[in-house]
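# Inside the fold
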Amino acid sequence: MPVITSIEDLKRIHRRRTPRMFYDYAESGSYTEQTFRENTSDFAQIRLRQKVAVDMTNRNLAGTMIGEKVTMPVALAPVGFTGMQSADGEIKAARAAEAFGVPFTLSTMSICSIEDVAEHTTKPFWFQLYAMRDQDFLRRIIDRAKAAGCSALVVTLDLQILGQRHKDLKNGLSAPPKLTPSTILNLATKWGWGLEMLRTKRRFFGNIVGHANGVGDASSLMSWTAEQFDPQLDWGKIAAIRDMWGGKLILKGILDADDARLAAEFGADAIVVSNHGGRQLDGALSSIRMLPQIVEAVDGRCEVWLDSGIRSGQDVLKALALGASGTMIGRAWVYGLGAMGQAGVTKALEVIRKELDISMALCGERDVARLRRENLLVPKGFFDAYD
């Protein structure tokens with residue numbers, strides 16, 4: 001195994017090993033990709049305050065997220081197509097997360113089905129739901145998540161209409177990939193990936209094919225999916241989903257203080273400050289810029305987590321110091337998965353844990369629960385630069 005010291009190392013291997021359309025799917029944003037870039041560059045503007053001559057022994061990274069014990073306040077965010085980054089990718093990621101002691105969230109648009117992941121794991125995982133027009137499918141997929149023992153439902157709110165991602169359109173993104181001359185040429189250089197994919201039966205969206213009415217192959221799947229995201233999603237429909245689920249509820253995609261207040265009043269167990277990794281509204285502010293005012297708006301009525309832009313343990317530290325009680329990582333674990341499968345996801349988590357642990361100690365803290373704004377040096381006007 002190569003020496004991996006950062007998430008960037010995994011990203012380089014991922015790019016080398018995975019077909020271009022799937023690497024680009026992970027490493028892209030919508031339109032000009034301004035928000036995609038600023039999710040990470042804004043983190044870089046925040047500095048850490050070094051403290052010395054303090055006892056750094058007996059450090060603790062463990063805690064809880066919606067009452068579930070975690071070895072560090074990091075959950076694997078839902079990411080679609082991950083079974084195309086590496087064969088049976090969602091199973092590999094779920095097993096890595098379980099062994100590490102952090103939550104895994106399965107996407108509606110996963111290649112491995114809910115049942116596939118449940119069969120290959122021993123602890124409950126979370127399920128992420130997109131609101132669909134097909135109410136019968138919606139009810140049945142919620143029932144399937146219950147039957148699989150999922151311990152929380154993550155409802156994504158910021159994908160009522162799909163943001164345009166230029167690379168996906170130009171690459172002809174599909175699962176499995178369509179065999180065009182360009183695709184064939186690229187796949188010929190990814191023989192390791194290809195051999196793995198030949199050995200698995202999981203190459204379509206496992207939560208949809210065979211479960212949605214009229215969807216039995218790739219062509220019917222694409223037309224069904226294009227029509228299904230519900231542009232009429234509102235708080236009334238979210239309430240209906242909550243009532244169908246009846247368990248712990250996480251609302252993902254909050255980027256506005258007023259929406260955060262509504263989510264807290266609604267009774268969400270947690271909200272996730274997220275701009276969908278810069279893949280939806282290009283020109284929106286980064287999640288880290290919006291975090292403090294959302295924490296203030298919620299005022300302790302539910303947990304507030306941050307997603308979008310985290311590439312290191314130091315990023316996790318900054319989010320926690322600014323008031324988040326947890327974080328979610330997407331691209332960081334996908335880089336690991338695409339680079340080295342299950343071992344790569346584990347390595348990504350190890351890298352983040354080590355960075356968080358060492359950085360926290362050098363900031364003079366021994367417990368993640370004690371991280372505060374005082375641990376940071378933030379540029380003047382950073383949070384109120386825009387009206």
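Provided above is the structure to which this section pertains.
Not measured: the values here are computed from a predicted model.

## Looking at the pairing of strand 9 (residues 270–273)
In strand 9, alternate side chains face the same way, and those of Ala270 and Val272 on one face and Ile271 and Val273 on the other are all buried. In this structure, strand 8 (residues 249–254) lies alongside strand 9, joined through four bridges in parallel fashion. Across the sheet, lysine 252 pairs through a bridge with valine 272, a residue of strand 9. Read as a crossover between parallel neighbours, the route from strand 8 over helix 13 (residues 257–266) to strand 9 is right-handed. When strand 9 meets strand 10 (residues 303–307), the two strands line up parallel, connected through four bridges. Within strand 10, the residue paired with isoleucine 271 across the bridge is valine 304. In this fold, the crossover linking strand 9 to strand 10 by way of helix 14 (residues 287–298) has right-handed handedness.

## Some words on the pattern of salt bridges
Counting across every chain of the model gives 19 salt bridges. Of the charged contacts in the structure, one is a salt bridge between aspartate 9 and arginine 12, with a shortest N-O distance of 2.3 Å. Within this pair, aspartate 9 and its partner arginine 12 are both found in helix 1 (residues 7–17), separated by three residues, close to a single helical turn. Accessibility expressed as a relative area gives 45% for arginine 12, which makes it partly exposed. One salt-bridge network, in which partners are shared between bridges, spans Arg17, Lys92 and Glu196.

## Notes on a nonpolar patch on the surface
Where nonpolar side chains cluster on the molecular surface, the patch consists of Trp191, Leu195 and Leu198 and spans about 390 Å² of accessible area. Tracing the chain through its elements places leucine 198 in helix 10 (residues 191–198). Among the residues examined, leucine 198 registers a relative accessible area of 66% and is labelled exposed.

## A look at empty space enclosed by the protein
Evaluated as defined, the whole model comprises one cavity of 30 Å³ or more. Approximately 40 Å³ is the volume attributed to the largest cavity. Every residue along the wall of the largest cavity is listed here: Tyr130, Ala131, Thr156, Leu159, Gln160, Phe229, Asp230 and Leu233. Its residues assigned to classes, the lining of the largest cavity shows five nonpolar, two polar and one charged.

Definitions and cut-offs
Residues numbered from 1 in each chain as written. Predicted model: local features only at pLDDT ≥ 70, side-chain atom pairs only at ≥ 80, totals over all residues. Heavy atoms only, no water. Buried < 20%, exposed > 50% of the residue type's maximum accessible area, 1.4 Å probe, protein only. Helix = DSSP H or I, 4+ residues; strand = E, 2+ residues; numbered from the N terminus. Pairing = 2+ DSSP bridges. Right-handed = clockwise from strand over helix to strand, strands pointing away. Salt bridge = Lys/Arg side-chain N within 4 Å of Asp/Glu carboxyl O. Patch = residues over 30% accessible without salt bridge, like charges linked within 9 Å, V, L, I, M, F, W, Y side chains within 5 Å. Areas by Shrake-Rupley, 256 points an atom, 1.4 Å probe, with all protein chains shown as cover. 1 Å grid on protein atoms, 1.4 Å probe; cavity = no way out; pocket = protein on both sides within 12 Å on 5 of 7 lines; lining within 4 Å. Points joined across faces, edges and corners; volume = space filled by probe spheres on them. Nonpolar A, V, L, I, M, F, W, Y, C, P; charged D, E, K, R; others polar.

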